[in-house]
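Observations on the model geometry
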Amino acid sequence: QVQLVESGGGLVQAGGSLRLSCAESGRTFTSHAMGWFRQAPGKERDFVAAISWSGGVTYYADSVKGRFTISRDNAKNTVYLQMNSLKPEDTAVYYCAATTGPPTSDTYDYDYWGQGTQVTVSS
């Protein structure tokens, strides 16, 4: 099976930065596109960013483009989300996910999910 573990969340002030990591283990021989999603209490799980297996194609939600950068290091089976210029509205639990298909913004397209890591941005 595939396991995904997020790390790097924490508390930062508005305007600060965090880098989230997602480590994949298990059947890592399978080529996975990866995505980052986030969910605030009482809200739906929203798309943040996605990246193809090669890293050559990336997608971002309008709310984060220009501020967040998704990347991956396949040799380390790790995907990253660099978050700059953080805003209080970025506060959420951030989840990474893997899909055997192409990278998309739809939660239903993803086959595996991590447990989430909390990001809190104070004003």
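All figures in this text were calculated on a predicted structure; none of them were measured in a lab.

Analysis parameters
- Residues numbered from 1 in each chain as written.
- Predicted model: local features only at pLDDT ≥ 70, side-chain atom pairs only at ≥ 80, totals over all residues.
- Heavy atoms only, no water.
- Helix = DSSP H or I, 4+ residues; strand = E, 2+ residues; numbered from the N terminus.
- Rg over C-alpha atoms; globule rule 2.2 N^0.38 Å.
- Buried < 20%, exposed > 50% of the residue type's maximum accessible area, 1.4 Å probe, protein only.
- Contact = heavy atoms within 4.5 Å.
- Areas by Shrake-Rupley, 256 points an atom, 1.4 Å probe, with all protein chains shown as cover.
- Lys, Arg positive; Asp, Glu negative; His and termini not counted.
- Charge placed at Lys NZ, Arg CZ, Asp CG, Glu CD.
- Disulfide = S-S within 2.5 Å.
- Pairing = 2+ DSSP bridges.
- Axes fitted to C-alpha atoms, helices over the stretch in contact; angles between N-to-C directions.
- Phe/Tyr/Trp six-rings, centres within 6.5 Å; stacked < 30°, edge-to-face > 60°.
- Core = buried A, V, L, I, M, F, W, Y, C linked by side-chain atoms within 4.5 Å.

**Considering the overall build of the protein chain**
- Secondary structure summary: the protein chain contains zero helices and eleven strands in total.
- Computed over the C-alpha atoms, the radius of gyration of the protein chain is 13 Å, within 12% of the 14 Å expected from 2.2 N^0.38 for a compact globule of 123 residues.
- Judged by the C-alpha coordinates and their principal axes, the protein chain covers about 40 × 30 × 25 Å.
- Counting only residues that meet the buried cut, the protein chain has 40% of its 123 residues in that class.
- A fraction of 57% describes how many contacts in the protein chain between residues 6 or more apart in sequence connect residues 24 or more apart.
- For the protein chain, the accessible area works out to roughly 6,300 Å², and carbon and sulfur atoms hold 47% of it.
- In the protein chain, 10 positive and 11 negative side-chain charges are present, and the distance between their average locations comes to 5 Å.

**Considerations on the state of the cysteines**
- By the definition in use, this model includes one disulfide.
- Disulfide partner of C22: C96, at an S-S distance of 1.9 Å. Because the torsion about its S-S bond is 55 degrees, the bridge between C22 and C96 counts as right-handed. Remark: C96 occurs in strand β9 (residues 92-99) and C22 occurs in strand β3 (residues 18-26); sequence separation between them is 74 residues.
- Classification of C96 as buried rests on a relative accessible area of 0%.

**Focus on the sheet that holds strand β1 (residues 2-7)**
- Strands sit in the order β1-β3-β8-β7 across an open sheet of four strands; the sheet is antiparallel. Strand pairing shows two members of the sheet lacking a second neighbour, β1 and β7 (68-73), which therefore form its edges. Averaged over all adjacent pairs, the angle separating strand axes in this sheet is 15 degrees, with direction ignored.
- Of the strand pairs in this sheet, β7 and strand β8 (residues 78-83) are connected by six bridges, and their pairing is antiparallel. Note on β8: the bridge partner recorded for D73 is T78.

**Here we look at the packing of aromatic side chains**
- Per the stated rule, a full pass over the model turns up four aromatic pairs.
- For the ring pair F37 and F47, a centre distance of 5.7 Å and an interplane angle of 70 degrees mean the geometry is edge-to-face. Placement of F37 in strand β4 (residues 33-39) and of F47 in strand β5 (residues 46-51) is noted, with a sequence separation of ten residues between them. Taken individually, F37 and F47 each receive the classification buried, so the pair is uniform in this respect.
- Consider the rings of F37 and Y110, whose centres lie 5.1 Å apart with planes at 80 degrees: the pair is edge-to-face. One end of the pair, F37, is in strand β4; the other, Y110, is in the loop between β9 and β10 (112-113), with 73 residues separating them in the sequence.
- Given the relative accessible area of 6%, Y110 is considered buried.

**Section: the nonpolar core**
- Judged by nonpolar contacts, the single largest core of 30 residues is most densely connected at W36, V48, F68, L81, M83 and Y94.
- Contributions of two or more residues to this core are made by β1, β3, β4, β5, β7, β8, β9 and β11 (117-122).
- Aside from chain neighbours lying at most four places away, what touches M83 is G16, S17, L18, L20, R67, F68, Y94 and V119.

Structural measurements only, silent on function.
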